[in-house]
Amino acid sequence: MPVSVRLAIADALCYPQRILGAVLALLAASCLVVWVVSAYDKLVSEFEGTAREALGHYDLFVVPDSLDEKAVISDRLIEALRKDPRIADVHCSLRKAVTIGRSFGQGEGPRGGSPDDLRRSGRRQPVVRGGENQRSPGDSQPTRPLFLLPTVVGIDSPVAPYPVVAGQWLDVKKHPVVQAVISEQLAESFRWDVGQTIRLNSGGKDLSVQIVGIVQQPESVPTLEKEGPTGRPVGSTIGPFLGMPPGAIYVPLDVAQEFLGMPGAINLLGLKLTSATRLDQFLAEWTSRVSPFVDGGSYLLMGERQLEKAFTTARASRSIRSQAWTACGLAIMAAVFLIFATLNMGVDERSRQIGLCRVVGLTQAQVAGTILTQALLLAIAGWVGGLGAAGIVFQLGRGFGLNLTWSGTIGPYSLGLSAAVTFLGAGVAAVWPMLRASRVSPLEALQARHTQLLRDARPSTLGWLAFLGSLLIVIHPLVVYILPLDEVIRVSIATTVGAPLMVLGFVCWTPALVVIAEKAFSIPLGMVLGIPRQLCKMELTRNLPRSVGICMAVSVGLGVFTAMMVWGYSMLEPFKPTTWAPDLLAAFQLGHVPESELESISTIPGISKLLPVAVEQPRLAEDLTGASRGASVVRQDNVIIMGVNPDLAFGGKNPVFTVDFVEGSRDAAVQQLKSNRGCIVPDHFLKATGLRLGDTFSVCLPDQPEQTVEYRIAGVVSLPGWHWMTKFSGLRRRFGRSAALVFADENVVRKDFKLVGINFLWIDLEDDANLDLVCRKLQEVADRHLGPGQPVNFQGTWAFGARMFGRSLRVTLRDEIRQQINRRADTMIWGMAQLPFVTLLITLPGLMTVVNASVRTRQWEFGVMRAIGFPSTLIARQVLVEGFLIAAVASMISLLFGIAAGWCGIGLAQYTSFFGGMETPLIIPWQKLMLGIGATFLVCGVAAVPAALAVFRREPLQLLTAGRGEPFAL
């Protein structure tokens, strides 16, 4: 056995507590990685089966390689495929999302009400009779918590693409009532069954179909996704499915083409190959032929492998993958600092031993090899133990039926990334201790070691390190906010250069922060715990390298937690509606309300302000926002135009819209709205488009897209929260997202878009208003004027985010929107913060080791203090002070790093995040951060307790004897 290995093992046996603490910390880090990455392993393992199930009866799907929902497959391609003798069947389909004519949601009946409502209304509950595919009520699964997009799929196939689990497949014969077959997911979500008649709506046209069968198909199918140069998705809506949609409503092809207003259109082909055809050869030949095809179009052939790849590159998979990389990054950083602290302590404590080994012939390489061997032994023990711990956790979770977050399957990704974390962390952490150990000379080893340690804290050295750190830190905000760079270059430099340099800069600042924090907090902490100030001055700086390493390890979790809190709640702020938004927005989705009803509505008790608004959602005539290069919440290809009475909305001393004008004046804007086709836009719209006050832009008429109308920008206002006010209220009439909410003159908007009657009311309420009474009175008005359904995006039909009163009235409340946003944000942000908190807990064993080592090196000092009369309780409290000082330093580092990183993340999100582009203020949620700081003090306090108890229990003679060479045991 090599000398280095024997020395490493001997050192581990001499100081088992130190090694055990490091191993436990590495074990926890490895377990964290396995825990998180296993979810991705589980997902990957499911892709193959899901991809095969998604194909169903077919071997291949053919879809247009376009995000345009109107993209179709040419007749020339269909004819060419049908002539290929290797293809047994070519079945054509037409897919398009539709609405169900009424609001729906989880746990509700097919018309938006509960099953009890259906029984009260006299609707007969369908019963499935006869046939081998009969399903009994007891066989049905509970309603799925999914929001499926009902999609009409016209199909000419005589056989079902998926197994029929109830009823039968479509009959090719003509029937008086249109037959439909639905997916099992849709049936369970809407509580539909065989024999039921449902009404579909698309583009103002209604179609009643009778369900004759239910098919079992996969719950998820990948969609076509394209990204811009900075990673933002291209396109304003979800891309088309690369197969049959999960919310499919199958009807005969000719019926779908007529109903959807797309005669002869085909946008999906299902190919069934002959048994003698080799799929790989067929794909190799046809892939090059269809991309592009001779007609100029481009198409995708989706087989099992292609669907698997689409699954793995989908945003949901990337999200889980990013969680895995985040866990790896946090675990590596924690492991590096913990192993560094452990190995560095070993070099300090064994300096004389190393010197004596050099005297008897040990080379510098052998000394360094001893340190590297220790690091590798720590890594092996931590990795194997982490795998075992994760496996035990998974088995216990399955055995007790626990739904553990992130739990999945231990597979190649889990094994590989956990190994990378532990061994890479060990290798990086061992570099500096190896250099220090190899440079120890025999003469230096004879010196008192504490004199060298104190020289590590020289002010000049710390000052230069802090200055270097400041230079490194400032590079990141310069790249993000100041330097005039192209978006792609800015993002690339910021992520690959700026962010790492900022982390390195704070590492350089840490020694100075340790000294500063010790001077600032040691005396107050000593006063709280009743310790004389003279005993609290050198708790951390007596061994600065060790203190820096452990403080950085603790700061990893808390720093990332702080950055997440600052970034998350800052990004949330522009989406929270303020007082400019109405207390209540009423939408009439069936028919419209005549102007003659306004007087009676204004007399409803509780209404203080009433403003009818005319709303349309046209496309922009030009790609002003750059949505084609990468979409975001402000980079879309359409706007919501709201026609209002300019005088009532913005004029006078008490306008309905209490908005802040960023550019232009209120009075000038009102005049231009009335006389110059003026409009008022939100501030982010100018930033996204590059337009200025006084510029014009054009929009297309929804029913005549070749015709455009023009508006001139007369004012720029701040409209925080308009996205959520429009999402569920029905204001998004034609598209799922929009670039801006634009205000114009009501008469101009009605004339441009041929809007008749009133479909939206902007209402402010009295402080003591009876909300239920107001809504019931509005419902009475709505029920008197029922008519054809108004265009509305599917989000405006969901049963949450707004309230339905009767069949037509939909009410959106500003206060409810704020509450929903805050609840959702807390759930999402705190969900992300779980990893940093777990990382903080990982450092607990390492903290115990460091505090124990600090106490071990001061046993003689403590023994002398006890001998001259200091009580054991005071010495124990002194040990606790050291733990709390570590927490104070870590909190200071984490706050500075988290705020800086969060602020730069806000700026970077303007170019990379889908939710970037808004005017985002810096929000520091101090109450949330105090929880993280409190957790840090708790962990550090707990880590100091064992060492404090050990000192408290030992007699002065034991401490003096141990200080002369006897190992210190807890």
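Residues numbered from 1 in each chain as written. Predicted model: local features only at pLDDT ≥ 70, side-chain atom pairs only at ≥ 80, totals over all residues. Heavy atoms only, no water.

Looking at an unreviewed UniProt entry, one finds the protein named ABC transporter, permease protein and attributed to Thermogutta terrifontis. The heading Sequence similarities (unreviewed entry) in the UniProt record of the protein holds the text "Belongs to the ABC-4 integral membrane protein family." As stated in UniProt under Subcellular location (unreviewed entry), the record for the protein gives "Cell membrane". (UniProt positions renumbered as here; feature names shortened; annotations may be inferred.)

Peer 1: Explain the confidence of the model for the protein to me, using residue names and the numbers behind them.
Peer 2: Mean pLDDT over the protein works out to 81, with 85% of the residues at or above the 70 mark. Low pLDDT (under 50) marks residues 401–407, which in the prediction has 17 contacts with non-local residues, meaning those over four places away or in another chain. (pLDDT = per-residue confidence, 0-100. Contact = heavy atoms within 4.5 Å.)

Peer 1: Describe the packing of aromatic side chains, listing the residues and the values that go with them.
Peer 2: The relative placement of two aromatic rings is captured by the distance of their centres and the angle of their planes. Per the stated rule, a full pass over the model turns up 20 aromatic pairs. Judged by centre distance (6.0 Å) and plane angle (35 degrees), the rings of Trp-580 and Trp-762 are tilted. Separated by 182 residues along the polypeptide, Trp-580 in the loop between helix 17 (544–572) and strand 11 (584–588) and Trp-762 in strand 19 (residues 760–765) bring together distant segments of the chain. Given a relative accessible area of 3%, Trp-580 falls into the buried group. Ring centres of Trp-724 and Phe-728 lie 5.8 Å apart, and the angle between their planes is 50 degrees; this geometry places the pair in the tilted category. Residue Trp-724 is classed as partly exposed on the basis of its relative accessible area, which comes to 22%. Given the relative accessible area of 3%, Phe-728 is considered buried. One aromatic cluster in this structure is built from Trp-580, Phe-650, Phe-657, Phe-661, Phe-743 and Trp-762. (Phe/Tyr/Trp six-rings, centres within 6.5 Å; stacked < 30°, edge-to-face > 60°. Helix = DSSP H or I, 4+ residues; strand = E, 2+ residues; numbered from the N terminus. Buried < 20%, exposed > 50% of the residue type's maximum accessible area, 1.4 Å probe, protein only.)

Peer 1: Describe the environment of Trp-567, listing the residues and the values that go with them.
Peer 2: Along the polypeptide, Trp-567 turns up in helix 17. Between the C-alpha atoms of Trp-567 and Ile-923, which are 356 residues apart in sequence, the distance is 7.9 Å. Residues within four places of Trp-567 in sequence aside, it is in contact with Met-832, Gly-902, Gly-905, Ile-906 and Ala-909.

Peer 1: With reference to specific residues and values, describe a nonpolar patch on the surface.
Peer 2: Where nonpolar side chains cluster on the molecular surface, the patch consists of Val-474, Leu-478, Tyr-481, Ile-482, Leu-483, Trp-903 and Leu-922 and spans about 590 Å² of accessible area. Ranked by residues supplied to the nonpolar patch, first place goes to helix 15 (residues 459–482) with four residues. In this fold, Ile-482 is placed in helix 15. (Patch = residues over 30% accessible without salt bridge, like charges linked within 9 Å, V, L, I, M, F, W, Y side chains within 5 Å. Areas by Shrake-Rupley, 256 points an atom, 1.4 Å probe, with all protein chains shown as cover. Salt bridge = Lys/Arg side-chain N within 4 Å of Asp/Glu carboxyl O.)

Peer 1: Explain the pairing of strand 3 (residues 151–155) residue by residue, including any values.
Peer 2: Burial analysis of strand 3 places five of its five residues in the buried class, the great majority of the element. What you see with strand 3 is no split at all: Thr-151, Val-153 and Ile-155 on one side and Val-152 and Gly-154 on the other are buried throughout. Pairing of strand 2 (residues 87–97) with strand 3, which is carried by five bridges, proceeds in the antiparallel orientation. The partner of Arg-95 across the bridge, within strand 3, is Val-153. Strand direction decides the pairing type here: strand 3 and strand 8 (residues 248–252), joined by five bridges, are parallel. Bridge pairing links Ile-155 to Pro-252 in strand 8. (Pairing = 2+ DSSP bridges.)

Peer 1: Residues and numbers for empty space enclosed by the protein, please.
Peer 2: Following the criterion strictly, the structure yields six cavities of 30 Å³ or more and no others. Taken together, Leu-7, Arg-350, Gln-353, Ile-354, Cys-357, Leu-362, Val-367, Thr-370, Ile-371 and Ala-437 make up the lining of the largest cavity. Among the secondary structure elements, those contributing two or more residues to the lining of the largest cavity are helix 10 (351–359) and helix 11 (364–399). Split into classes, the residues belonging to the lining of the largest cavity amount to seven nonpolar, two polar and one charged. (1 Å grid on protein atoms, 1.4 Å probe; cavity = no way out; pocket = protein on both sides within 12 Å on 5 of 7 lines; lining within 4 Å. Points joined across faces, edges and corners; volume = space filled by probe spheres on them. Nonpolar A, V, L, I, M, F, W, Y, C, P; charged D, E, K, R; others polar.)

Peer 1: Provide a residue-level description of the pattern of salt bridges, including the pertinent values.
Peer 2: Should their charged atoms come close, side chains of opposite charge can pair. Counting across every chain of the model gives 18 salt bridges. As a salt-bridge pair, Arg-635 and Glu-487 come within 2.6 Å of each other at their nearest N and O atoms. Taken as a pair, Arg-635 in the loop between strand 12 (607–616) and strand 13 (640–644) and Glu-487 in helix 16 (residues 487–528) lie far apart in primary sequence, 148 residues in all. With a relative accessible area of 16%, Arg-635 lands in the buried category. Of the residues examined, Glu-487 reaches a relative accessible area of 24% and is grouped as partly exposed. With its nearest N and O atoms 3.1 Å apart, the salt bridge here joins Glu-746 to Arg-750. Separated by four residues within a single helix, Glu-746 and Arg-750 lie in helix 23 (residues 746–753), roughly one turn from each other. Assessed through its relative accessible area of 13%, Arg-750 is described here as buried.

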